[in-house]
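Results of the structural survey
Here is how the chains run, residue by residue.
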Amino acid sequence: MIDRFLSWMDGASEKAVRRTAMAVGRRNVLATLGTAMMGTVLAPMLPFDRTFGKAMAQTPAGEDGDIAACDYWRYCALDGYLCSECGGTLTQCPPGSEASTVSWVGTCRNPNDDRDYLVSYNDCCGGGGCANPTFCFTSQGERPGYRMGLYNDINWCMANETKGYHCTVAVVVGLA
Ligand code: ABN
């Protein structure tokens, strides 16, 4: 009885293997294996965001400096109130306000990696007021008012529909 069952199993599995071998060519199998192997080798080389969402500009306070202090490295050329103390963040305007379409751009040295970064200081325009935010005036690289393109004591909301100044964000735009 068991012998008959085993020989039936043998026959059935042999048939299945033969059917598969006929349906899937050897080249097909090799090509699939080759693709899988190449994918395994090449995938880690592809450019993708290895910060896994931890964007530089969102580094929490304390990790790369104190974002509530005017000597924080990203504020090196700032002239304005800190949006992080007005309901916004280091890089995001408070709800109800909008980022200025023009901005002042400074070059700041990041003490964590000793590299220079371009930092865009966008004023946030409109929205409600803000009680006693920290005012920072560092404006590194600024030149006197008669050199307009190099002057930062300006309400950058002037180019927006809403011109009322609220506060300023500091956004790293790239390496200098
Ligand atoms: N960029 C900040 C600012 C706003 C109004 C006036 C001067 C400076």
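Above this text is the structure in question.
Here goes a summary of the coordinates provided.

What counts, and at which threshold
- Residues numbered from 1 in each chain as written.
- Predicted model: local features only at pLDDT ≥ 70, side-chain atom pairs only at ≥ 80, totals over all residues.
- Heavy atoms only, no water.
- Core = buried A, V, L, I, M, F, W, Y, C linked by side-chain atoms within 4.5 Å.
- Buried < 20%, exposed > 50% of the residue type's maximum accessible area, 1.4 Å probe, protein only.
- Helix = DSSP H or I, 4+ residues; strand = E, 2+ residues; numbered from the N terminus.
- Contact = heavy atoms within 4.5 Å.
- Near = heavy atom within 4 Å.
- Polar contact = N/O pair within 3.5 Å; in protein donor to acceptor, adjacent residues only side chain to side chain.
- Nonpolar A, V, L, I, M, F, W, Y, C, P; charged D, E, K, R; others polar.
- Salt bridge = Lys/Arg side-chain N within 4 Å of Asp/Glu carboxyl O.

**Description of the nonpolar core**
Among the nonpolar cores identified, the biggest contains 19 residues, and Tyr 75 and Tyr 121 are the most heavily contacted of them. Breaking this core down by element, the ones donating at least two residues are β3 (104-110), β4 (115-125) and β6 (165-175). In terms of residues, this core owes the most to one element, β4, which gives 3 residues. Once residues lying within four places of it in the same chain are set aside, the contact partners of Tyr 75 are Ile 67, Ala 69, Cys 70, Leu 82, Ser 84, Leu 90, Tyr 121, Thr 138 and Ala 170. Cys 86, Cys 124, Cys 167 and Val 169 belong to the second-largest nonpolar core, a separate cluster that totals 5 residues.

**Overview of the side chain of Ser 139**
Structurally, Ser 139 is set in the loop between β5 (135-137) and β6. Owing to a relative accessible area of 6%, Ser 139 belongs among the buried residues under this scheme. Leave out the neighbours within four places in its chain, and Ser 139 touches Cys 76, Ala 77, Leu 78, Asp 79 and Asn 152.

**Thoughts on the site of the ligand**
Neighbouring the ligand are Asp 79, Asp 123, Asp 153, Ile 154, Asn 155, Trp 156 and Tyr 165. Within the side chain of Asp 123, one N or O atom sits 2.8 Å away from a nitrogen atom of the ligand. Grouping the amino acids of the shell around the ligand by side-chain chemistry returns 3 nonpolar, 1 polar and 3 charged.

**Description of the pattern of salt bridges**
Summed over all chains, the structure comprises 2 salt bridges. Residues Asp 64 and Arg 74 are paired through a salt bridge, measuring 2.8 Å at the closest nitrogen-oxygen approach. In this pair, Asp 64 is assigned in the loop between α2 (26-42) and β1 (79-81) and Arg 74 in the loop between α2 and β1, connecting sequence segments 10 residues apart. Taken individually, Asp 64 and Arg 74 each receive the classification buried, so the pair is uniform in this respect. Residue Arg 109 is joined to Asp 116 by a salt bridge in which the shortest nitrogen-to-oxygen separation is 2.8 Å. In this structure Arg 109 comes out as partly exposed when scored by relative accessible area, which is 47%. With relative accessibility at 28%, the residue Asp 116 sits in the partly exposed group.

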